[in-house]
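Chain and residue survey
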Protein chains: 2
Amino acid sequence: MRRPRLQDVATAAGVSTASASLVLRGAPGPGSATRERVLEAAARLGYRPDRAASLLARRRSRLIGVLMDVRSTFHAQLVEDVHEAAEGHGYDLVLSTVTRTRDEARAVETLLDSRCEALVLLGPEAPAARLTALDRQLPVVAVGRPVPSAGVDVVRAADDDGVALAVDHLVDLGHRRIAYVDGGAGVIAAGRRRGYQRAMRRHRLGAHLQVVRGNHTEESGARAARALFGSDLPPTAVATYNDHSAVGLLDALLRSGIDVPGAVSVVGYDDSPLARLAHIDLTTVSQDSPQLVRHAVAAVVERLDGGRTEHREVVVPPRLVVRGTTGPAAVEG
Amino acid sequence: MRRPRLQDVATAAGVSTASASLVLRGAPGPGSATRERVLEAAARLGYRPDRAASLLARRRSRLIGVLMDVRSTFHAQLVEDVHEAAEGHGYDLVLSTVTRTRDEARAVETLLDSRCEALVLLGPEAPAARLTALDRQLPVVAVGRPVPSAGVDVVRAADDDGVALAVDHLVDLGHRRIAYVDGGAGVIAAGRRRGYQRAMRRHRLGAHLQVVRGNHTEESGARAARALFGSDLPPTAVATYNDHSAVGLLDALLRSGIDVPGAVSVVGYDDSPLARLAHIDLTTVSQDSPQLVRHAVAAVVERLDGGRTEHREVVVPPRLVVRGTTGPAAVEG
DNA sequence: CGCCAGTATTAAAGCGCTTTAAGAGCGCTC
DNA sequence: GAGCGCTCTTAAAGCGCTTTAATACTGGCG
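Description of the structure in this document. (Residues numbered from 1 in each chain as written. Chains lettered and ligands numbered in written order. Predicted model: local features only at pLDDT ≥ 70, side-chain atom pairs only at ≥ 80, totals over all residues. Heavy atoms only, no water.)

In the case of a regular strand, side chains alternate between the two sheet surfaces. All names here are of chain A. Along strand E3 (residues 118-122), five of the five residues are buried, which leaves the element largely enclosed by surrounding structure. Every second residue of E3 is oriented toward a common face, with Ala-118, Val-120 and Leu-122 on one face and Leu-119 and Leu-121 on the other, all of them buried. Sheet topology places strand E1 (residues 63-69) next to E3; four bridges connect them, and they run parallel. Bridge assignment links Val-66 to a residue of E3, and that residue is Val-120. Strand direction decides the pairing type here: E3 and strand E4 (residues 140-143), joined by four bridges, are parallel. (Buried < 20%, exposed > 50% of the residue type's maximum accessible area, 1.4 Å probe, protein only. Helix = DSSP H or I, 4+ residues; strand = E, 2+ residues; numbered from the N terminus. Pairing = 2+ DSSP bridges.)

Encoded structure:
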């Protein structure tokens, strides 16, 4: 009544375990008669190979470890796509998540102990040195976060270009006084801020540059709204560091009776599920998760199967998702 | 330069692999001198045990498989807590997620192949019969979903009581015309609807019973708003099937200039991150995920370590989270 | 009919760890 | 100093699978 083993299948089919193993993995060798008998026996017994055993016996595990934060909706999206991409290359995944009580180092250790051949780290927070050290053990690719001067592969979105897209879109719509709600310290926020500044100058709108302090929260968006729209000459459009900030801003505007997008246009960043909520319907910048993941998995596979050794950094262009919070600039009086 | 094995540690420490194994797992036996030497050698070599190998050799895997949907924020919360609870009992987790291209059956198979001793299924959608069949292979506990007439353990929130809490709260605030936006077909929606109806009757408000069709989306909440507040005698409070629906409703009210909670109070269900957004600040019913998880893990552990065989169903009382969308009923003219 | 090149099958040696039963060493007592 | 009960250590047998090298068959050819 215990779980059937390969031995049981082999016996039932009247062959050796070697043949049974070959058949069950679709390896060439066994003739069609053997094949059929084994398959039939396996099906009849309800045989399922034991992963631990085959992992141990196999020379290669064909396992990719994925570090994620289970709380992040963006990571959720990425994981979905990683599954698909990895399977396409014949790899399987081991998921390990960071939680309140389980830090990144712990989560990575679990992956290391699981015979992973490579690691895909979603938004890792470990210092670059630690990542570099890891990379000496096995191929590592960091997704979504720039890792300055490290050997690890990096796949990330061009954050500066993303905000530039937002600005371009607003300029196209006739806006000129375009403000930006900042995201605080951090490499990502810096990139986005820079993108805003450059884009404004490129459009010769340097005079209208206006960066409002902020962080990643809604609250920060709401504060920015008060700061921006309490002034004499408020902007006609606002780009924000992320969707949360944008949502806070939107709400504050709504409460003040300022029409969006009639009076003011708003653009977020991330294309989070929040932005897609019907009643928010936020124009935002998408990181193109499928593309990000395709590159990440490709990077891993090339190292493992293609023998690549040189470092690689892929920067994926972001995509503007136009929804309902942006519209033509009101004609000035 | 390859990864060190137990053998290497043992050799370096001048003992057998048996002793090394014992020491590294903190098992009793080895003397303190041996202990020290092994530990030192392991540290020096940077030894990490191979999970696949120890899993294979160990009689028990002490692994609990968790089925989840990586897209669900509720599941994310649960997984966090499961990690904690499982560790407390000396179990480790294997995560497997449902995605667009990876259905529940596939995800469960992965778990089965990973030597899990028991399964914790978060919101499983498989038919009861399938779950019962699974349960014959290993202990299974379904979380958050009632599984009628099956052998599997169930841990879920008392959905009817949850809505009743919402109604009680509204009645306390002086509301009498309390409507309910339904969640459509499904056992969960049925439970919540029943909770509403019973609570209203208990308060002798049967005459004000008003259930509006709906489903789990915001859109449905917005539609409900139009239906409810287009009538002559609109309710002064609305309870909804879930937070999404409530948010849709809130938005529609806001756009119509109906003040919340001044003119109308709204209660959601789930205490999703959505409800916690500062500008939504929705009064809602929480499923108390830590509690849910504690019971789920306890159920599993009792089966595995405690030898329990009889079926169990735990119903966890929900908790009302009062936020900003509920207030005293306006005094009627 | 003997020999060869296939092809189909299998015995056996691991993969890296755990665990058990047996062994080694040691300080006692009588 | 034999005998005993200790504690500490280890040899060896797996765990369930993969894989390699060797063996057993084919039939075809000279």
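Once the structure has been displayed, the description carries forward.
A few words now on empty space enclosed by the protein. Within the structure shown, the criterion is met by one cavity of 30 Å³ or more. Empty space within the largest cavity amounts to approximately 30 Å³. For the lining of the largest cavity, the class distribution of residues is four nonpolar, four polar and two charged. (1 Å grid on protein atoms, 1.4 Å probe; cavity = no way out; pocket = protein on both sides within 12 Å on 5 of 7 lines; lining within 4 Å. Points joined across faces, edges and corners; volume = space filled by probe spheres on them. Nonpolar A, V, L, I, M, F, W, Y, C, P; charged D, E, K, R; others polar.)

Under the definition given, this model contains 60 salt bridges over all chains. The closest approach of N and O atoms between Asp-50 of chain A and Arg-115 of chain B, which form a salt bridge, is 2.5 Å. Linking Asp-50 of chain A in the loop between helix H3 (32-45) and helix H4 (51-57) with Arg-115 of chain B in the loop between helix H6 (104-113) and strand E3 (118-122), this pair reaches from one chain into another. With a relative accessible area of 19%, Asp-50 of chain A lands in the buried category. A salt bridge links Glu-302 of chain A to Arg-312 of chain A; the shortest N-O distance between them is 3.0 Å. Of this pair, Glu-302 of chain A sits in helix H13 (residues 289-305) while Arg-312 of chain A sits in the loop between H13 and strand E11 (313-316), and the two are ten residues apart along the sequence. When its relative accessible area of 29% is taken as the criterion, Glu-302 of chain A is described as partly exposed. Relative accessible area serves as the criterion here: at 28%, Arg-312 of chain A is assigned to the partly exposed category. Within the structure, one salt-bridge network assembled from shared partners comprises Asp-69, Arg-71 and Arg-100 of chain A together with Glu-80, Asp-81 and Glu-84 of chain B. (Salt bridge = Lys/Arg side-chain N within 4 Å of Asp/Glu carboxyl O.)

Don't take any of this as a statement about function, it's just geometry.
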